[in-house]
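# Summary of structural features
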Amino acid sequence: MELDKMDENDWKYHGEGNKSLVVSHVQHSRVLRLLKYPSQDAEHTQQRTEQAYRHIHSIVDFSKNVMKPLLGEAYVHSGEVVNLPLEFVRHLSLKVQQERPELRCDKVMDTFSGYALCLPNLTHLNARHFGDHRLPLCVEIKPKCGFLPFSGHVTKECKRKVCRFCMHQHYKLANGKWKRQSRYCPLDLFSGNKQRMYIAIKHLLEEPQNNFKIFKGGQLIFSCTDGAEQQPDLSALAQQLRPHFTHSTGLYKGHLSAKAVLNEFIQVVSSALLSSWNCSRTGEPKKAHPAEGRGYCEASPVHRDLHRNGTNGLSKDSVLGRILQAQMLDNLDIEGIYPLYKRVEQYLEEFPKERSRLQLDGPYNDSFLEWVKNCPEEDDGSVEYAIGKVHQYRVAMTAKDCSVMITLAPCEEDEVLESNLEIQPSKPRLTYSVSILDLDPKPYDAIPYQHKLDSKIVNYYVRSTHSKQELTSSSSLLMEREDRTLVFHPV
Ligand SMILES: O=P(O)(O)O[C@@H]1[C@@H](OP(=O)(O)O)[C@H](OP(=O)(O)O)[C@H](O)[C@H](OP(=O)(O)O)[C@H]1OP(=O)(O)O
Ligand SMILES: Nc1ncnc2c1ncn2[C@@H]1O[C@H](COP(=O)(O)OP(=O)(O)OP(=O)(O)O)[C@@H](O)[C@H]1O
């Protein structure tokens, strides 16, 4: 990429989240990830430029030096910082503005600093495309937190029974963030049990919110649209996916029925999520599953029987296994972390210069990783213990908010990539690669906010389900769970 010859016409809008906007190159397999900030903060440009420079470097350092060793080399692409011509960035910002979803327009793209992250475009497969006319598919899942808190500091009983995602749905709907409730439960996806995973992915398809997207040939073909009130058009999606699932079972009028296409698609996605890079061929792969009782959410629509029989456990080296282990570094819960945060704050009041030794704002280097890895089990009352736990919590928060990208492309028998894996040997031949994105550090200063948000979510959930329960018992309605009637296809 020649930085002095950047032309906005070579780039197009690709997507965005809360903190960054991404554009993709029209020919090369590259994206630029630019920072965003609230439009009211557009002043103080000099300060912004310095902040952006530091922030973007800290994103790369955190991803490369902290998250990559924890999650695995193969899954993480940290990218590199680029300094773009301001003229290019301003034209780019104008160009992409009309494509941005309304719900993201409360923030503006950084057009002052010129700093951005350059990354491989993970919606493409990292290889030549075998001359097959079918475009690669890419599935992006933001799985969120996959376990119930097991900390003795948890005060609200419901947190031990219902997962944060399922509770948060009630709060999000009440605040108008989404129009329709998602029935997805992360604990089913992280269960490692194929039937539970099938149901979790099916629920993501039915209500993707910001947890599920599909790209074809690098173009977004399936996601949640602004203010969507209707269920997404799954027949149209099946039509788009059909060319990749052309083998002979389940043929209807000469081709696979929409249901069969989606069924196969879900199975391929779960296989990719379950596969391991380092899986030993001789012994059983090591499992990463939450201990007894932490892997079942009472609000999940999955039937209880399946819960009971359904923890196969994830291989520790699967992408979900790796993410779950990093998430579980949060073993005190925000209720246990908040008093430790206050201990650190009190210490800093007395010794403000210690902030840098304690690496509260980075640098995110090997010694930061040491804090995370070598934190003692027992609280000895020291500030060092508090810092170790706070750093572990922040790493876990990143793992609870990251996304997984699975890129799939058709291949012939002898075309399985060295660096990628092949799935479904007896079914359509697909080669795939799996990556993890959005591994930005979560700020230390956000801990009080997280503490308040946790109470709001839990209190709202308790109130809303309590009033629903009263209504239900007074009209003696019997709620049947959907999945009693779900038919599973053999894998
Ligand atoms: O707190 P949560 O669980 O709602 O997560 C936030 C996400 O909301 P979600 O519930 O996934 O829709 C939120 O996603 P959206 O903006 O809702 O797409 C962000 O990812 C946010 O992270 P950050 O503050 O931008 O670094 C996330 O905040 P963090 O808590 O991870 O900092
Ligand atoms: N390397 C990449 N290749 C392809 N697409 C990408 C890449 N990085 C990001 N994207 C796309 O851009 C979108 C926004 O990126 P990202 O999730 O990093 O933004 P964010 O603002 O940090 O998100 P959040 O709301 O979680 O804070 C992603 O959902 C994904 O679709």
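For the structure, see preceding data.
It should be emphasised that the depicted structure is a prediction, and the values quoted were computed from it without experimental measurement.

## Section: the site of ligand 2
Contacts to ligand 2 come from 22 residues, most closely from Asn18, Lys19, Ser20, Glu140 and Asp438. One of the backbone nitrogen or oxygen atoms of Gly17 is found 3.5 Å away from an oxygen atom of ligand 2. One nitrogen or oxygen atom from the side chain of Glu140 is found 2.5 Å from an oxygen atom belonging to ligand 2. Bound to the protein, ligand 2 loses 94% of the 620 Å² it would expose on its own. Among the secondary structure elements, those contributing two or more residues to the shell around ligand 2 are β1 (11-16), β2 (20-25), β3 (30-38), β6 (115-120) and β8 (212-216). Looking at the shell around ligand 2 residue by residue, the class counts come to eight nonpolar, six polar and eight charged. Summarising the domain contributions, the shell around ligand 2 has at least three residues from each of domain 1 (3-121) and domain 2 (122-491).

## Things to note about the packing of helix α6 (residues 234-241) against helix α7 (residues 258-274)
Interhelical geometry of α6 versus α7 gives an angle of 70 degrees and a closest axis separation of 9 Å. Compared by their axis directions, α6 and α7 come out roughly perpendicular. Crossing angle aside, the handedness with which α6 passes α7 is left-handed. Contacts between α6 and α7 pair Leu234, Leu237, Ala238 and Leu241 from the former with Ala258, Val261, Leu262 and Phe265 from the latter. Of the residues assigned to the contact of α6 with α7, the class counts are eight nonpolar, no polar and no charged.

## Observations regarding the site of ligand 1
Around ligand 1, the surrounding shell holds 15 residues, and the nearest of these are Arg104, Lys172, Lys177, Asp401 and Lys442. Asp401 places a side-chain nitrogen or oxygen 2.7 Å from an oxygen atom of ligand 1. A distance of 2.8 Å is found between an oxygen atom of ligand 1 and a side-chain nitrogen or oxygen belonging to Lys442. Here ligand 1, which alone exposes 590 Å², has 82% of that area covered by the protein. Looking at the shell around ligand 1, the element that brings in the most residues is helix α3 (residues 164-174), giving three residues. Two domains share the shell around ligand 1, each providing at least three of its residues, namely domain 1 (3-121) and domain 2 (122-491).

Cut-offs and rules
Residues numbered from 1 in each chain as written. Chains lettered and ligands numbered in written order. Predicted model: local features only at pLDDT ≥ 70, side-chain atom pairs only at ≥ 80, totals over all residues. Heavy atoms only, no water. Near = heavy atom within 4 Å. Polar contact = N/O pair within 3.5 Å; in protein donor to acceptor, adjacent residues only side chain to side chain. Areas by Shrake-Rupley, 256 points an atom, 1.4 Å probe, with all protein chains shown as cover. Helix = DSSP H or I, 4+ residues; strand = E, 2+ residues; numbered from the N terminus. Nonpolar A, V, L, I, M, F, W, Y, C, P; charged D, E, K, R; others polar. Domains from an automatic or database assignment. Axes fitted to C-alpha atoms, helices over the stretch in contact; angles between N-to-C directions. Parallel < 35°, antiparallel > 145°, perpendicular 65-115°, else oblique. Left-handed = near helix turned anticlockwise from the far one by under 90°. Contact = heavy atoms within 4.5 Å.

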